[in-house]
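Take a look at the letters that make up each chain.
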Amino acid sequence: MALTLALLCLAAWPLWIHWRTSGDGEPLALHMVVVALAAATLVPRATALRPIRDWLPLLAVPLLYVELRWIIPAIGVAHRDATVVAWERMLFPSNPSATLATRFHSVALSEALHLSYALYYAIVGIPPMVLFFTGARRKLEATTLALVIVYAICFLAYPLFPVDGPRFLHGAAPAPDGPVRRYVLALLERGSSRGTAFPSSHVAASVVAALCALQHQRKLGVVIAIVAVGLTIATVYGGFHYAVDALAGLVLGTAAWLTSIAVWRNRTLTPGSDPGL
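Each chain carries its own residue numbering, running from 1 in the written order of its sequence. With the structure being a predicted model, the display of local features is reserved for residues of pLDDT at least 70 and the display and counting of side-chain atom pairs for 80 or more, all residues being used for whole-chain, interface and lining totals. As a rule here, side-chain values come from all non-hydrogen atoms in the structure, and water together with hydrogens is ignored.

Draft legend 1. Broad picture of the packing of helix α6 (residues 107–118) against helix α12 (residues 218–237). Relative to each other, α6 and α12 sit at 110°, their axes nearing to 7 Å. Viewed along their axes, α6 and α12 adopt a mutual orientation that is roughly perpendicular. In this structure, α6 meets α12 at a crossing whose hand is left-handed. Note on element contacts: α12 touches α6 through Val-227, Gly-230, Leu-231, Ile-233, Ala-234, Thr-235 and Tyr-237, opposite Leu-109, Ser-110, Leu-113, His-114, Ser-116 and Tyr-117. Under this grouping Gly is polar, as are all residues other than the nonpolar Ala, Val, Leu, Ile, Met, Phe, Trp, Tyr, Cys and Pro and the charged Asp, Glu, Lys and Arg. Its residues placed into classes, the contact of α6 with α12 shows eight nonpolar, five polar and no charged. Note on method: axes are straight lines fitted to C-alpha atoms, helices fitted across the in-contact stretch only, with angles between N-to-C directions ranging 0 to 180 degrees. Put simply, DSSP marks the helices as runs of H or I at least four residues long and the strands as runs of E at least two long, and each gets a number from the N terminus on. Reported orientations rely on four angle classes, namely roughly parallel under 35 degrees, roughly antiparallel over 145, roughly perpendicular from 65 to 115, and oblique for the rest. Handedness of a crossing is defined here by the sense of rotation of the near helix relative to the far one, left-handed for an anticlockwise turn of less than a right angle and right-handed for a clockwise turn. Whether two residues touch is decided by their heavy atoms; if any such pair falls within 4.5 Å, the residues are in contact.

Draft legend 2. Just the layout of surface pockets, in detail. By volume, the second largest pocket is sized at about 300 Å³. Whether a set of points on the 1 Å grid over the protein atoms alone is a cavity depends on a 1.4 Å probe fitting there but being unable to get out, while an open set qualifies as a pocket with protein on both sides within 12 Å along at least five of seven lines; lining residues are those with an atom within 4 Å of a point. Taken together, 17 residues form the lining of the second largest pocket, with Tyr-65, Tyr-120, Tyr-121, Gly-191 and His-202 sitting closest to its centre. Only α3 (50–75), α6, α7 (120–133), α8 (137–160), α10 (179–191) and α11 (201–216) provide two or more residues apiece to the lining of the second largest pocket. Partitioning the lining of the second largest pocket into residue classes produces 13 nonpolar, four polar and no charged. Grid points are joined across faces, edges and corners, and a volume is the space filled by probe spheres set on the points.

Draft legend 3. How the structure looks around the environment of His-31. Relative to the assigned elements, His-31 resides in helix α2 (residues 26–41). In contact with His-31, other than residues within four places in its own chain, are Leu-8, Ala-11, Ala-12, Leu-15, Leu-64 and Glu-67.

Draft legend 4. Inspection of the packing of aromatic side chains at higher detail. When two rings of Phe, Tyr or Trp (its six-membered ring) have centres within 6.5 Å they constitute a pair, described as stacked for plane angles under 30 degrees, edge-to-face for angles over 60, and tilted for the intermediate range. If you walk through the whole model with that rule in mind, you get nine aromatic pairs. Measuring from centroid to centroid gives 4.8 Å for Tyr-117 and Phe-240, while their planes differ by 45°, and the two rings are tilted. Linking Tyr-117 in helix α6 with Phe-240 in the loop between α12 and α13 (243–269), this pair joins segments that are 123 residues apart in sequence. The pair Tyr-117 / Phe-240 is uniform in exposure class, with both members buried. Judged by centre distance (5.2 Å) and plane angle (85°), the ring pair of Phe-132 and Phe-133 falls under edge-to-face. Working rule: Lys NZ or Arg CZ, within 6 Å of ring centre, within 35 degrees of ring normal, means a charge sits over the ring. Arg-167 extends its terminal NZ or CZ atom over the ring of Phe-168, reaching a point 4.6 Å from the ring centre. Relative accessible area decides the class of each residue, using a 1.4 Å probe on protein chains only: under 20% of the type maximum gives buried, over 50% gives exposed, and in between gives partly exposed.

Draft legend 5. Just the packing of helix α1 (residues 2–22) against α8, in detail. The contact between α1 and α8 brings their axes to 10 Å, and the two run at 15°. The orientation of α1 with respect to α8, classified from their angle, is roughly parallel. Crossing geometry of α1 relative to α8 is assigned as left-handed. Residues Leu-3, Thr-4, Leu-7 and Leu-10 of α1 form the contact with α8, whose own contacting residues are Val-148, Ile-149, Ala-152, Phe-155 and Leu-156.

What follows is the structure, given as structure tokens:
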């Protein structure tokens with residue numbers, strides 16, 4: 001929760017800049033309400049707020065992601081698609097985000113991959129929900145810690161190294177059309193924030209969710225891992241990310257999971273620490 005509060009406080013500054021330059025104070029006002037709620041959950045012995053403390057770090061993620069549409073322009077760093085495209089050309093013989101769907105042109109494959117992509121919030125959300133309702137509190141906290149770490153890194157990276165991705169620059173990839181594909185495109189049109197392509201937070205968070213589920217909920221973890229693999233391929237097949245974005249997400253997700261294990265082990269072994277906080 002403390003890490004979430006720190007991230008929320010950092011995000012308040014560019015939102016304040018946005019308000020000063022545009023006069024639009026609604027994002028900042030909503031953000032400060034969430035900051036106040038997060039701070040309240042850290043009050044010692046505030047046991048009545050424990051359910052909020054359990055869920056607020058994950059519930060704040062969509063808010064922070066949406067806020068990036070104002071935060072990234074407010075900071076004003078030049079977008080780095082040219083740099084990522086250069087990396088792409090160094091690593092791959094062609095541009096996978098433009099050629100993968102053409103090479104494997106199948107409606108069934110396209111719909112299956114886009115379904116995996118559409119299940120992103122289920123991948124991230126269902127394992128913590130199962131842990132919460134089964135009373136596995138310590139496993140829930142360890143999973144939440146890993147997810148907060150990976151989201152914190154992504155959300156700090158985007159304003160400093162914004163990358164639009166192929167969908168914003170070149171339009172939708174030539175993937176076979178279908179109802180699931182159309183649903184995903186409509187969802188992205190309404191909810192995506194420009195400049196958040198590198199690294200892919202979809203891939204990074206899905207990797208963390210899958211690894212945590214495999215660690216704490218083996219049977220569910222196998223299902224989550226299979227869907228996460230489909231999502232990772234879909235980010236490139238659907239033209240939503242460069243292949244380098246997905247690769248960076250894989251590396252980051254694995255590193256964040258390993259870091260969370262080390263942090264959690266150190267926290268639980270520290271004399272006088274309370275893993276329930």
